[in-house]
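Architecture and fold: a report
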Amino acid sequence: GITVGDLSDQLAQYFGTKDGVLVTSVTDNSAAAKAGIKAGDVITSFNGTDVTSPSDLRRRIQNLQDGDDFTVGVVRDKKPTTLKGKAETVRPRRTTRTII
């Protein structure tokens, strides 16, 4: 449900955070959208643990099961906030994976 990218030092300073990953897009009606995540947010933590890279975040999201609650720490407009959501399983043609 989301696309994220690395956060350079300059972007981190611009967004008012030290670490995290930049959300570049959010799929409509996804668990991430329902949780309130928006493009331009910087995800700084996931379920209480700091997020250091896009692959780190992807790995943790993939460990979620359908229906699991999750919390996401984001910085938006230089203000930290915590969003809550529920994981949903997406069923492509051949495989099943959990996304937020």
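A brief look at the structure comes next. Nothing here was measured: the structure is a model prediction, and the numbers come from that model. (Residues numbered from 1 in each chain as written. Predicted model: local features only at pLDDT ≥ 70, side-chain atom pairs only at ≥ 80, totals over all residues. Heavy atoms only, no water.)

Considerations on the pairing of strand β5 (residues 69–76)
Sheet topology places strand β3 (residues 42–46) next to β5; four bridges connect them, and they run antiparallel. By the bridge assignment for β5, serine 45 is matched with glycine 73. Relative to strand β6 (residues 79–86), β5 runs antiparallel, the two being bridged by eight bridges. Its bridge partner being in β6, valine 75 is matched across the sheet by proline 80. Between β5 and β6, which pair antiparallel in sequence order, lie two residues; one of them, aspartate 77, sits at a positive phi of approximately 55°. (Pairing = 2+ DSSP bridges. Helix = DSSP H or I, 4+ residues; strand = E, 2+ residues; numbered from the N terminus.)

Description of the packing of aromatic side chains
Within the structure shown, the criterion is met by two aromatic pairs. With a centroid separation of 5.1 Å and 80° between ring planes, the pair formed by tyrosine 14 and phenylalanine 15 is classed as edge-to-face. Relative accessible area serves as the criterion here: at 57%, tyrosine 14 is assigned to the exposed category. Take phenylalanine 15: its relative accessible area is 17%, and that puts it in the buried class. Relative to phenylalanine 70, the ring of phenylalanine 46 lies with its centre 5.9 Å away and its plane at 20°, an arrangement referred to as stacked. Here phenylalanine 46 is found in strand β3, whereas its partner phenylalanine 70 is found in strand β5, with 24 residues between them in sequence. (Phe/Tyr/Trp six-rings, centres within 6.5 Å; stacked < 30°, edge-to-face > 60°. Buried < 20%, exposed > 50% of the residue type's maximum accessible area, 1.4 Å probe, protein only.)

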